[in-house]
Amino acid sequence: MAAPRRPLAILAALLLAAAAAAVCADGSPLGTTATGTQTLEVAIPADAPAVTVRVEMFNGPIKVQAGAPGRVSAVVTTRGSGSSNADAEADRAKIQVTLDTNPDGSVLLRAVYQPNPSSPNNRAASAVVEVPPGAALDLRTSNGAVTTTGVAGAVDVRTSNGAVTLADLGAGATVRTSNGAVEIAGSGLLDVETSNGRVTIRGTDATVRASTSNGDLSFEGTFSDGAQQLQTSNNPIAVRLPATASFSLDARTSNADVTLDGFSIRTTGAASGGTLQGTVGTGGPSITLRTSNAAIVVSAQ
């Protein structure tokens, strides 16, 4: 019988130990987490012009709602990790959370993992924020959803792997996400880009530039007089407008049909099942619709 290959076994054990140590050193998950919250508030002049509030979190959601004039308040939840409860709590303490007023009058709520701000791994920071009703928002996170309600100012959202839901918008929004659905209700310029997620817009006098892939795209409401562009792939587009609406239509798909329901159109160019171009009523906003391998339906409410 051959002798046990102890040197190889010892070497394997040493390699495993070294790998474990390396995992600990680079900050990847260690099995134990600690979570805690902080409450912050800053006062701003109640008669000041509309304030811009910027929120920067990571690996967690952001929720913003309209609150009282003259203040911005937040509850921030942070999570650290470690090999024990004490280590995880010490790790969480390395996440620095600040709420400050900048010289230009804007407000910044920020969470930063100090040992490695650009790569916090499985640490996380999320926020629930109240802002003055007229505030404009600049919201940044990763791997987390973003939600706003009742904010009258313009909204700019940047996230990844998270859904975006914006309600009661008064001054438009710019949204950039991935692998997440987008749902918007409001007016103004609605500029949306996502991937692998549906886009649902309910607009009033809205100018829409919406793009996704592998997700349904729908609009219901009224367009402004500007150019409207809705584009997806491998999924349908549905647009519902008032029966009295006038517009110019350029709709194209492949391996499916374009349907106009409840409107009469004066076509221009060659019409086919997958292409429809022309004018409804007296013309008006130009509506460009593009998809592939799925239907396009424009219908009257």
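Residues numbered from 1 in each chain as written. Predicted model: local features only at pLDDT ≥ 70, side-chain atom pairs only at ≥ 80, totals over all residues. Heavy atoms only, no water.

Caption draft 1: Structural view of the confidence of the model for the protein. Per-residue confidence for the protein gives a mean pLDDT of 90, with 90% of residues at or over 70. Note on residues 1–5: pLDDT under 50 across the span, and 0 contacts to partners over four residues away in sequence or across chains. Residue range residues 11–29 is modelled with pLDDT below 50. Its contacts to residues more than four positions away, or to other chains, number 11 contacts. (pLDDT = per-residue confidence, 0-100. Contact = heavy atoms within 4.5 Å.)

Caption draft 2: Spatial organisation of helix α2 (residues 85–92). Taken residue by residue, α2 has Ala88, Asp91 and Arg92 as its buried positions. The buried residues of α2 occupy an angular sector of 100° when projected down its axis, which confines them to one face. As for α2, its buried residues are in contact with β1 (32–43), β4 (71–82), β5 (95–101) and β6 (107–113). (Buried < 20%, exposed > 50% of the residue type's maximum accessible area, 1.4 Å probe, protein only. Helix = DSSP H or I, 4+ residues; strand = E, 2+ residues; numbered from the N terminus. Arc of directions from axis to C-beta.)

Caption draft 3: The arrangement of the packing of aromatic side chains in detail. Using the criterion set out here, one finds 2 aromatic pairs in the structure. Taking 4.1 Å as the distance between ring centres and 10° as the angle between the ring planes, the aromatic pair formed by Phe219 and Phe223 counts as stacked. What makes Phe223 buried here is its relative accessible area of 12%. The interplanar angle of 85° and the centroid separation of 5.3 Å between the aromatic rings of Phe247 and Phe263 together place this pair among those described as edge-to-face. Taken as a pair, Phe247 in strand β18 (residues 247–252) and Phe263 in the loop between β19 (258–261) and β20 (265–267) lie far apart in primary sequence, 16 residues in all. By relative accessible area, which is 0% here, Phe247 ends up buried. (Phe/Tyr/Trp six-rings, centres within 6.5 Å; stacked < 30°, edge-to-face > 60°.)

Caption draft 4: The arrangement of unusual backbone geometry in detail. One non-glycine residue, Asn59, lies in the positive phi region at around 55°. Here Asn59 is to be found in the loop between β2 (52–56) and β3 (62–66). A positive phi angle is found at Asp168, which is not glycine, with a value near 60°. Along the chain, Asp168 falls in strand β11 (residues 164–169).

Caption draft 5: Structural view of the nonpolar core. One finds Leu109, Phe247 and Leu289 to be the most contacted residues of the largest nonpolar core, which totals 65 residues. Per-element accounting of this core gives the leading share, 5 residues, to strand β14 (residues 199–211). Phe247 has contacts with Leu241, Leu260, Phe263, Gly278, Thr279, Val280, Gly283, Gly284, Pro285, Ile287 and Val298, leaving out every residue within four places of it along the chain. (Core = buried A, V, L, I, M, F, W, Y, C linked by side-chain atoms within 4.5 Å.)

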